[in-house]
Amino acid sequence: MRKFLAIFIALLLSFTAFLPLSAEAKRISVIIDGRSQTYDQDPVVQNGRTLIPLRGVFETLGANVTWNQKANKVTAKKGNHTIELTVGSKIAKVNGKNHTLDVEAKLINNRTMVPLRFVSESLGAKVNWNQSANKVTISSGDGGSSNGKDLEIHHLNVGQADSTLLLTPNGKTILIDAGTQSSGQKIVSYLKKAGITSIDRLIITHAHADHVGGAVEVMKNFKIGQVLDSGIPHTSQTYLNYLTYIDEHNIKFHVPKAGEKIGIDPALDITIVNSGIKGDSLNDSSVALHLKYNNFAYLTTGDAERAAEQRIVNRFNVKADVLKAGHHGSSTSSNDFFLSKVKPSAAILSYGVGNSYGHPHSEALTRLANAGVKNIYHTSKGEVIVKSNGTGYTVQGSTSTTPTPNKPVDNGNQQGKININTAGYERLQDITGVGPVIAQRIIDYRNSNGKFSKVEDLKKVKGIGDITFEKMRPQITI
Ligand SMILES: [Zn+2]
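This is a predicted model, so every value here is computed, not measured.

Reading the values: rules and limits
Residues numbered from 1 in each chain as written. Predicted model: local features only at pLDDT ≥ 70, side-chain atom pairs only at ≥ 80, totals over all residues. Helix = DSSP H or I, 4+ residues; strand = E, 2+ residues; numbered from the N terminus. Buried ≥ 20, exposed ≤ 12 C-beta atoms within 10 Å, placed from the backbone. Contact = placed C-beta atoms within 7 Å. Arc of directions from axis to C-beta. Core = buried A, V, L, I, M, F, W, Y, C linked by C-beta atoms within 7 Å. Pairing = 2+ DSSP bridges. pLDDT = per-residue confidence, 0-100. Axes fitted to C-alpha atoms, helices over the stretch in contact; angles between N-to-C directions.

1. Description of the overall build of the chain
Thought 1: Summing up its helical and strand segments, the chain has 14 helices and 32 strands in all.
Thought 2: When each of the 478 residues of the chain is scored for burial, the buried share is 45%.
Thought 3: Partitioning the intrachain contacts of the chain with sequence separation of at least 6 by distance along the chain shows that 62% fall at a separation of at least 24.

2. Thoughts on helix α9 (residues 306–315)
Thought 1: Along α9, the positions that sit buried rather than exposed are Ala-308, Glu-309 and Ile-312. Down the axis, α9 shows its buried residues gathered within 100° of arc, on one side only.
Thought 2: Tucked into the core, α9 has its buried residues touching β22 (269–274), β23 (288–293) and α10 (336–342).

3. Section: the nonpolar core
Thought 1: Among the nonpolar cores identified, the biggest contains 71 residues, and Leu-202 and Ala-347 are the most heavily contacted of them.
Thought 2: Leave out the neighbours within four places in its chain, and Leu-202 touches Leu-175, Ala-215, Val-218, Ile-224 and Val-227.
Thought 3: Counting 27 residues, the second-largest nonpolar core is a separate cluster that includes Ile-32, Val-57, Leu-116 and Leu-123.

4. Thoughts on the pairing of strand β6 (residues 73–78)
Along any regular strand the residues' side chains alternate between the sheet's two faces.
Thought 1: Side chains Val-74, Ala-76 and Lys-78 of β6 all project onto a buried face; the interleaved residues Lys-73, Thr-75 and Lys-77 project onto a face where none is buried.
Thought 2: By the bridge criterion, five bridges tie strand β5 (residues 64–68) to β6 in an arrangement that is antiparallel. Across the sheet, Trp-67 pairs through a bridge with Val-74, a residue of β6.
Thought 3: Connecting the antiparallel pair β5 and β6 is a turn made up of four residues, with Asn-72 showing a positive phi of about 55°.
Thought 4: As defined by bridge partners, β6 adjoins strand β7 (residues 81–86) across six bridges and the pair is classed as antiparallel. Bridge pairing in β7 places Lys-78 opposite His-81.
Thought 5: Between the antiparallel neighbours β6 and β7 lie two residues, among them Gly-79 with a positive phi of about 55°.

5. Brief notes about the environment of Met-472
Thought 1: With respect to the element layout, Met-472 can be found in helix α14 (residues 466–472).
Thought 2: Met-472 sits in the buried class, given 20 other C-beta atoms within 10 Å.
Thought 3: C-alpha separation for the pair Met-472 and Val-434, spaced 38 residues apart in sequence, amounts to 8.8 Å.
Thought 4: Dropping the residues within four chain positions of it, Met-472 is found in contact with Ile-431, Thr-432, Gly-433 and Leu-458.

6. Brief notes about the pairing of strand β1 (residues 29–32)
Thought 1: Residues Val-30 and Ile-32 point to one face of β1 and are all buried, whereas Ser-29 and Ile-31, pointing to the other face, are not buried.
Thought 2: Here β1 pairs with strand β13 (residues 135–139) via four bridges, running parallel. Of the residues in β13, the one forming a bridge with Val-30 is Val-136.

7. Comments concerning unusual backbone geometry
Thought 1: Cis peptide bonds are those with omega within 30 degrees of zero, and the linkage from His-359 to Pro-360 qualifies with 0°.
Thought 2: You can see Pro-360 is positioned in the loop between β26 (346–349) and α11 (362–370).
Thought 3: You will see that Asn-250, though not glycine, has its phi angle at about 50°, which is positive.
Thought 4: Positionally, Asn-250 belongs in the loop between α8 (237–248) and β21 (253–254).
Thought 5: Classification of Asn-250 as exposed rests on a count of 7 C-beta atoms within 10 Å.
Thought 6: For Lys-343, which is not glycine, the phi torsion reads 50° and is therefore positive.
Thought 7: One can find Lys-343 in the loop between α10 and β26.
Thought 8: For Lys-343, a count of 15 C-beta atoms within 10 Å gives the class partly exposed.

8. Re the confidence of the model for the chain
Thought 1: A residue-level look at the chain finds 89% of positions with pLDDT of 70 or above and a mean pLDDT of 85.
Thought 2: Note on residues 8–25: pLDDT is under 50 here. Beyond four places in sequence and across chains, it has eight contacts.
Thought 3: Within the model, pLDDT remains below 50 along residues 143–148, and this stretch shows four contacts once partners closer than five positions in the same chain are excluded.

9. A short note on the sheet that holds β5
Thought 1: Ordered by their spatial adjacency, five strands build an open sheet running β5-β6-β7-β8-β9, and the pairing between neighbours is antiparallel. Only two strands of the sheet have a single neighbouring strand rather than two, namely β5 and β9 (97–100). Averaged over neighbouring strand pairs, the angle between their axes works out to 20° when direction is ignored.
Thought 2: The pairing of strand β8 (residues 91–94) with β9 spans four bridges and is antiparallel. Note on β9: the bridge partner recorded for Ile-91 is Thr-100.

10. As for the sheet that holds strand β16 (residues 173–176)
Thought 1: What the eight strands build is an open sheet, ordered β21-β20-β18-β16-β15-β14-β28-β29; its pairing is mixed. Strands with a single pairing partner mark the edges of an open sheet, and in this sheet they are β21 and β29 (394–396).
Thought 2: Pairing analysis gives five bridges linking strand β14 (residues 151–155) to strand β28 (residues 384–388), with the strands arranged antiparallel. By the bridge assignment for β28, His-155 is matched with Val-384.

Here it is, written out as structure tokens:
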């Protein structure tokens, strides 16, 4: 690999040397199926050919991509079309036949860049180059529709929370987490738009309000086959409301053990690789899933932190192409020892813009990048959708390949404590004895009196007496 890199650095330098200065200043716009494309690395023109980042073009055209690291070879498949490109080689293969390229796929600034026209046409798309406007227009001819046999994983944009929808190849539905109470309605409309009427498995990874908050709203709107829960309860009103609803509506409720399978689709091998055990923190009790669809694998771990990540890798082979990284990109999760076993090529983080935890933490982003994750996607601007037909996979969504971590503004969370000066409405309800009413009163108190100068001042909030406060004390900070 080292030798390979050296060759490419040399190649790159030689190219840069011959590149006319004006070429750099020209910006090429790429339109695919009517949508303007943005790439984390700008397209470049070399010898009259436009090169663009590999993942960008294949994903948009709906091809499944597999990457052979040893051979430096990428294989893209879409329908009857198969393309094989080797980085640095002018010989490409289309449906097994050799094809000579003017400009080969190459590594530029550590990104694999591929010839746009060749790739698009080989996948059956039409390409039009407008020289004066410096614009490439591509029509895939299929509007990006799937063949109906894909596995789809939709990571919803629910702010500083989690909610992930899995649509299995045979049409079954799994919803992992239901965001906060305020995102419940948003999840419901997303699912309805997707034509969903029932949820076969509703998995609540753990009892925190940013995972269970919208569950009641979801259960009110869809027929639920079974709820899976970590089994580690929380005293919050939000969690109690959820349990009460399940109880009153006779919804099947199951606390799985690590090692159990979810057998709702014969095409998929879904293993529960973590669930709550006695003594777990709520985060470490998170129900974690490893899913295999032939050659594609996906791992999701809720808010699992170091201890849970350790026991997952101790017991299971959790190698995965795509990792839904734990705990909203917190430094508590995505530890090196864990990533070295998962070996993901893409990671997805679910967090809200400007959240008070400072998620994603730079430590987690750096560890992901160091572990070889090429693309880090996040839900803060919109949903991130992974599709796979069991060979490769595609991802649609916003990326942050260069880690741009938010600055932590609330270090009270470092010990897992809740900062009563910065916690929002939902987060406050994670404190024992705090329901929606008290949470609102705490916020009202802050709004009219400013920050609490000591935790004891919480007793000035109506409804918090000495006994309640003593229960709250170990969980809070200022
Ligand atoms: Zn969470």
